[in-house]
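# Coordinates in review
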Amino acid sequence: MFGIGMTEILVILVIGLLVIGPKKLPELARSLGKGLAEFRRASNDMRREFLDVAEQTRIDPPIDHQLPDDEPEKDSETPPEDDSKGPDVG
């Protein structure tokens with residue numbers, strides 16, 4: 001849990017007992033637990049909502065477009081006209 005061992009948790013509790021006092025420590029721990037639970041619940045709801053929106057907006061890959069039968073395809077065998085010579089002046 002959080003990368004700390006039992007000894008560290010015990011030291012934190014003893015320091016908390018000395019600083020806060022024995023009467024307020026259980027109340028503080030209860031409030032902290034409720035706050036963490038509420039945070040966890042809110043973050044799970046947000047994550048679930050994000051995943052739902054991502055699933056709804058998923059875009060399907062495009063389908064290969066085919067030309068309709070009445071449109072002729074470009075003829076690539078004819079060379080393009082060469083206009084670099086300029087007009088014939090005779």
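This section reports on the structure supplied with the text. Being a predicted model, the structure only gives us computed values, none of them experimental.

### What to know about helix 1 (residues 6–20)
The terminal C-alpha atoms of helix 1, which comprises 15 residues, lie 21 Å apart, in line with the 21 Å expected from a rise of 1.5 Å per residue. Just past helix 1, the residue G21 takes up positive phi, approximately 105 degrees.

### A word on the pattern of salt bridges
Here the structure, examined in full by the defined rule, presents two salt bridges. Between E38 and R41 there is a salt bridge, with the nearest N and O atoms lying 2.7 Å from each other. In this pair, E38 and R41 both sit in helix 2 (residues 25–56), three residues apart, roughly one turn of the helix. By relative accessible area, which is 46% here, E38 ends up partly exposed. The residue R48 makes a salt bridge to D45 at a minimum N-O spacing of 3.1 Å. One end of the pair is R48 and the other is D45, both in helix 2 and three residues apart, which spans about a single turn. On the basis of relative accessible area, D45 is assigned to the partly exposed category, the value being 40%.

Calculation notes
Residues numbered from 1 in each chain as written. Predicted model: local features only at pLDDT ≥ 70, side-chain atom pairs only at ≥ 80, totals over all residues. Heavy atoms only, no water. Helix = DSSP H or I, 4+ residues; strand = E, 2+ residues; numbered from the N terminus. Expected span 1.5 Å × (residues − 1). Salt bridge = Lys/Arg side-chain N within 4 Å of Asp/Glu carboxyl O. Buried < 20%, exposed > 50% of the residue type's maximum accessible area, 1.4 Å probe, protein only.

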